Every structure is written in C-alpha cells, then in structure tokens.
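# Examination of the molecular architecture
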Amino acid sequence: MPLHRQAMYGMMALQAFANYVTRGSLAPMIQYIVADLAMNDAQKAVLLGAFFPIFTPFQVVAGPLTQLFGGKRLLTLNLGGMAALLMLLPTCSRARGTGAMSACLAAIGVCQAVLVPAQGQLKRNWLTDGPERVWALRVMGLGNRVGYTAAAALVPWLAERRGWRAVPYTLGGLIGVFGVAWQALATEHPAPDPAPDAPATEDKEPPEEGEE
C-alpha cells in the first residue's frame, strides 16, 4: 500500500478522534463547570442540552455543503472551528447565566455536524476495492472508538489537577495543531498512480534487399 494512502487513512482516523474526544468530553466537563460556578439543576440541563439540538439537524445541511466545497475544506473548518470554540469556552463562562456557554456548545455542534458527510466523500474518493479497503475502514473506525474512551479518562484526570478550564484549552490547542497539519497534508483526491512503463521493444534493422 503506498505511503501517501496510509498517511491519509491515519489522518482521517485522527480527524474522527478529534471530534469524538471533544464530544465525549462535553458532558463530564459540564459537571465540573456546574460545580465550579455553583449552577443549579436547571442551568445544568440547559448546558447539557445545548449540543445536540443544533448538531443533529445541521447534518442535513452538511451534505450539500460537502458537495459544494469538498470534504477536505469542510473538515479543515471542522477542526479550526472546534479549536477556536473550545478555547473560547472558559471566556464564555465569565458571562452571567448560561447563554454564552450554550451558544458556544451549540456552535461546536455545528462544526461537528459536517464530520460524517465530509468523511464519507473522502472515503469515496480514496478507498479502493480489496483488502486495502477493509484495513483502511478498520483504521479510521478506531478514531470513533478510542475518542470516547480517551475523553472518559482525560477529563477527570485533567480537571482534578488543573481545573476544568485546562480541558478545553488542552483539547483546543491539540486540535488546532492537527488542523494545520491536516490543511497542509490532506488532499481531496489521491494522486494518480504512475502509469506502468511500456515494455521495451528492440529496434530491428530493416531487412536488406532480397531478404524476406
């Protein structure tokens, strides 16, 4: 399997991981936010419900956007948007009430809504038939599975030691760095495979007169 294909499959796995570790971090992080800011149960419910009401319907819009702009561009916006919004969340927590934080969490949902259609288009462009397809799908699927597990371990560990604000700052910084690498290295379509060399033919001298 060519190296550029392996690299693209790995980056798509990390792309999924960045989305799922963020999504898996929101609910436990909100528990720490509520405790730190002494919020009541109603405010907690508002924060917990801010992500999915926007995330779910926006996936319908994300399909046509993917066809219009391409999978790579939308996933670059996905990473950049998540990074910026995560690092903005601690600032939003200074505002009175839940409005600013809810808007930030909802915007993260908008960014994440493009993941499935955009990755679907890139898979269509990149995946080939045969054993490579099975291997690639397995690798990319690891990003989904490992993301939630990593979030369950990361959030309590980091929040207990550095405070809950360290969680979005850490995730946002790492996702931002990966977003730069994604924009620089990922491509919408694989490079065409080099054409096989034509078999060499021996030049034959023309027969002399009288020879057949």
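Note that this is a predicted model, so its numbers are computed, not measured. (Residues numbered from 1 in each chain as written. Predicted model: local features only at pLDDT ≥ 70, side-chain atom pairs only at ≥ 80, totals over all residues. Heavy atoms only, no water.)

### A short note on the layout of surface pockets
- Here the largest pocket is characterised by a volume of approximately 190 Å³.
- Forming the walls of the largest pocket are Leu14, Phe17, Ala18, Val21, Leu154, Leu171, Leu174, Ile175 and Phe178.
- Each residue belonging to the lining of the largest pocket can be placed in one class, and the counts come to nine nonpolar, no polar and no charged. (1 Å grid on protein atoms, 1.4 Å probe; cavity = no way out; pocket = protein on both sides within 12 Å on 5 of 7 lines; lining within 4 Å. Points joined across faces, edges and corners; volume = space filled by probe spheres on them. Nonpolar A, V, L, I, M, F, W, Y, C, P; charged D, E, K, R; others polar.)

### Here's the deal with the side chain of Gln15
- Here Gln15 lies in helix 1 (residues 3–37).
- There is a polar contact of 2.8 Å between the side chain of Gln15 and the side chain of Asn78.
- Those residues in contact with Gln15, other than ones at most four positions away along the chain, are Leu75, Asn78, Leu79, Leu115, Gln119, Phe178 and Trp182. (Helix = DSSP H or I, 4+ residues; strand = E, 2+ residues; numbered from the N terminus. Polar contact = N/O pair within 3.5 Å; in protein donor to acceptor, adjacent residues only side chain to side chain. Contact = heavy atoms within 4.5 Å.)

### Here we look at the packing of aromatic side chains
- Under the definition given, this model contains six aromatic pairs.
- Note on Tyr20 and Tyr148: the rings are 5.5 Å apart at their centroids and 80 degrees apart in plane angle, and the pair reads as edge-to-face. On the criterion of sequence distance, the pair formed by Tyr20 in helix 1 and Tyr148 in helix 7 (residues 131–162) is long-range, its members being 128 residues apart.
- We classify Tyr148 as partly exposed; its relative accessible area is 39%.
- Following the ring pairs from residue to residue traces out a cluster consisting of Phe51, Phe52 and Phe55.
- Seen from the ring of Tyr20, Arg23 lies directly overhead, with NZ or CZ sitting 4.6 Å from the centre. (Phe/Tyr/Trp six-rings, centres within 6.5 Å; stacked < 30°, edge-to-face > 60°. Buried < 20%, exposed > 50% of the residue type's maximum accessible area, 1.4 Å probe, protein only. Lys NZ or Arg CZ within 6 Å of the ring centre and 35° of its normal.)

### Describing the nonpolar core
- In this structure, Met8, Met29, Leu89 and Trp182 are the most contacted members of the largest nonpolar core, which totals 54 residues.
- Contributing elements (two or more residues each) for this core: helix 1, helix 3 (52–69), helix 4 (71–92), helix 5 (99–112), helix 6 (115–126), helix 7 and helix 8 (166–185).
- With 13 residues, helix 1 is the single largest residue contributor to this core.
- Contact partners of Met29, with chain neighbours within four places excluded, come to Leu89, Val155, Trp164, Val167 and Pro168. (Core = buried A, V, L, I, M, F, W, Y, C linked by side-chain atoms within 4.5 Å.)

### Remarks on the packing of helix 1 against helix 5
- With their axes 11 Å apart at the nearest point, helix 1 and helix 5 run at an angle of 175 degrees to one another. Between helix 1 and helix 5, the angle is such that the two are roughly antiparallel. Within the contact between the two elements, helix 1 uses Asn19, Thr22, Arg23, Leu26, Ile30, Ile33 and Leu37 and helix 5 uses Met101, Leu105, Ile108 and Gln112.
- Looking at the contact of helix 1 with helix 5 residue by residue, the classes come out as seven nonpolar, three polar and one charged. (Axes fitted to C-alpha atoms, helices over the stretch in contact; angles between N-to-C directions. Parallel < 35°, antiparallel > 145°, perpendicular 65-115°, else oblique.)

### Brief notes about the pattern of salt bridges
- Inspection of every chain in the model, using the stated rule, returns two salt bridges.
- Arg5 is the partner of Glu132 in a salt bridge, and the nearest nitrogen-oxygen pair spans 3.6 Å. Taken together, the residues span a long stretch of sequence, with Glu132 in helix 7 and Arg5 in helix 1 at a distance of 127 residues. Pair check on accessibility: Glu132 and Arg5 agree, each one buried.
- Here Arg165 and Asp36 are joined by a salt bridge, their closest N and O atoms 3.2 Å apart. Placement of Arg165 in the loop between helix 7 and helix 8 and of Asp36 in helix 1 is noted, with a sequence separation of 129 residues between them.
- By relative accessible area, Asp36 is classed as partly exposed at 43%. (Salt bridge = Lys/Arg side-chain N within 4 Å of Asp/Glu carboxyl O.)

### Some remarks on unusual backbone geometry
- Phi is positive for Ala38, which is not a glycine, with a value near 55 degrees.
- Inspection of the secondary structure puts Ala38 in the loop between helix 1 and helix 2 (41–48).
- We classify Ala38 as exposed; its relative accessible area is 67%.

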